[in-house]
Amino acid sequence: MKSLASRLHLGLGFAMLVLMLAFWWLGYDALQDSARAFVTESLDHCAEALVGKLAVINNHEGKLLEVDELAPVYHQPYSGHYYVLLLASGEKVVSRSLWDRDLVVPPLALGETAEWRVPGPEGQRLQVRAHGYRIQGQDLTLAVAQDLTPLEDEVWQFQLHFGILALVGFLVMTLVRHWIVQCVFQSLHPV
């Protein structure tokens, strides 16, 4: 009888552990995918806004980029939001937020997109997304970057809390399972 109870405890415990680990892994993977999709969409929106400014400025004033018309986040040093504009002529315009730093951006053909991670200023972890454009017959590459450090820290905190909660849940379920098995075997004891 004790052998049967031990095997039952071991089998149910192993199944619960595998299930909890699977839930944790699936939750982690889903959260990472959501965070990546959110940042990618945010970077695409920033790029579209900058391209819109470039097109308006190029059409109406003949200037390449008027810094005063951009969002304040691109003026604040090390704000975590950056852009680099490469022209086919080799001219490079860098956001003021990069201060005295630079991002290496390869030139991209029209319609080409690239995405990568790179260390940024002040220990930031940057996600960079670059697109190749043609505005008024001029080929250019626009790269926008965002600091992932706050988002990754939040994801890590969530994973830590989820892991602790899962461990507590596993221990509670183990105690309940142990109690149920004991009650069932107590009722079988007279037999």
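We now turn to the structure provided with this report. Bear in mind the structure is a predicted one, so any value in this text is a computation, not a measurement.

**Quick look at the pairing of strand E3 (residues 113-119)**
Two faces, one strand: in a regular strand the side chains alternate between the faces of the sheet.
Thought 1: When E3 meets strand E4 (residues 125-135), the two strands line up antiparallel, connected through seven bridges. Within E4, the residue paired with Arg-117 across the bridge is Gln-127.
Thought 2: Here E3 folds back onto E4 in antiparallel fashion, the turn holding five residues, of which Glu-122 has a positive phi close to 60°.

**As for the sheet that holds strand E1 (residues 81-87)**
Thought 1: Taking strand neighbours across the sheet as the criterion, the five strands line up as E2-E1-E5-E4-E3 in an open arrangement whose pairing is antiparallel. The strands lining the two open edges of the sheet, one partner per strand, are strand E2 (92-94) and E3. Neighbour-to-neighbour, the strand axes of this sheet turn through a mean angle of 20°, independent of strand direction.
Thought 2: With 10 bridges connecting them, E4 and strand E5 (residues 138-147) associate as antiparallel partners. The residue bridging Gly-132 from the neighbouring strand is Thr-141, located in E5.

**Structural notes on a nonpolar patch on the surface**
Thought 1: Together, Trp-156, Leu-160, Ile-164, Val-168, Val-172, Val-176, Trp-179, Ile-180 and Val-184 line one region of the surface with nonpolar side chains, adding up to about 870 Å² of accessible area.
Thought 2: On the accessibility criterion, Trp-156 (54% relative accessible area) is exposed.

**As for the packing of aromatic side chains**
Thought 1: Counting across every chain of the model gives five aromatic pairs.
Thought 2: Taking 6.4 Å as the distance between ring centres and 50° as the angle between the ring planes, the aromatic pair formed by Trp-24 and Trp-25 counts as tilted.
Thought 3: Using a relative accessible area of 48% as the deciding quantity, one classes Trp-25 as partly exposed.
Thought 4: Between the aromatic rings of Phe-158 and Phe-162, the centroid separation amounts to 6.2 Å while the plane-to-plane angle is 20°, which identifies the pairing as stacked. Linking Phe-158 with Phe-162, this pair stays in helix H2 (residues 149-188), spanning four residues, or about one helical turn.
Thought 5: In this structure Phe-162 comes out as partly exposed when scored by relative accessible area, which is 27%.
Thought 6: Members of the aromatic cluster, each reached through a chain of ring pairs, are Trp-24, Trp-25 and Tyr-28.

**Some thoughts on the pattern of salt bridges**
Close approach of charged atoms allows side chains of opposite charge to pair.
Thought 1: With the rule as written, the count across this model stands at nine salt bridges.
Thought 2: Among the salt bridges present, the one from Glu-152 reaches Arg-117, with a minimum N-O distance of 2.6 Å. Taken together, the positions of Glu-152 in helix H2 and Arg-117 in strand E3 put the pair 35 residues apart, joining distant regions of the chain.
Thought 3: Owing to a relative accessible area of 22%, Glu-152 belongs among the partly exposed residues under this scheme.

What counts, and at which threshold
Residues numbered from 1 in each chain as written. Predicted model: local features only at pLDDT ≥ 70, side-chain atom pairs only at ≥ 80, totals over all residues. Heavy atoms only, no water. Pairing = 2+ DSSP bridges. Helix = DSSP H or I, 4+ residues; strand = E, 2+ residues; numbered from the N terminus. Axes fitted to C-alpha atoms, helices over the stretch in contact; angles between N-to-C directions. Patch = residues over 30% accessible without salt bridge, like charges linked within 9 Å, V, L, I, M, F, W, Y side chains within 5 Å. Areas by Shrake-Rupley, 256 points an atom, 1.4 Å probe, with all protein chains shown as cover. Salt bridge = Lys/Arg side-chain N within 4 Å of Asp/Glu carboxyl O. Buried < 20%, exposed > 50% of the residue type's maximum accessible area, 1.4 Å probe, protein only. Phe/Tyr/Trp six-rings, centres within 6.5 Å; stacked < 30°, edge-to-face > 60°.

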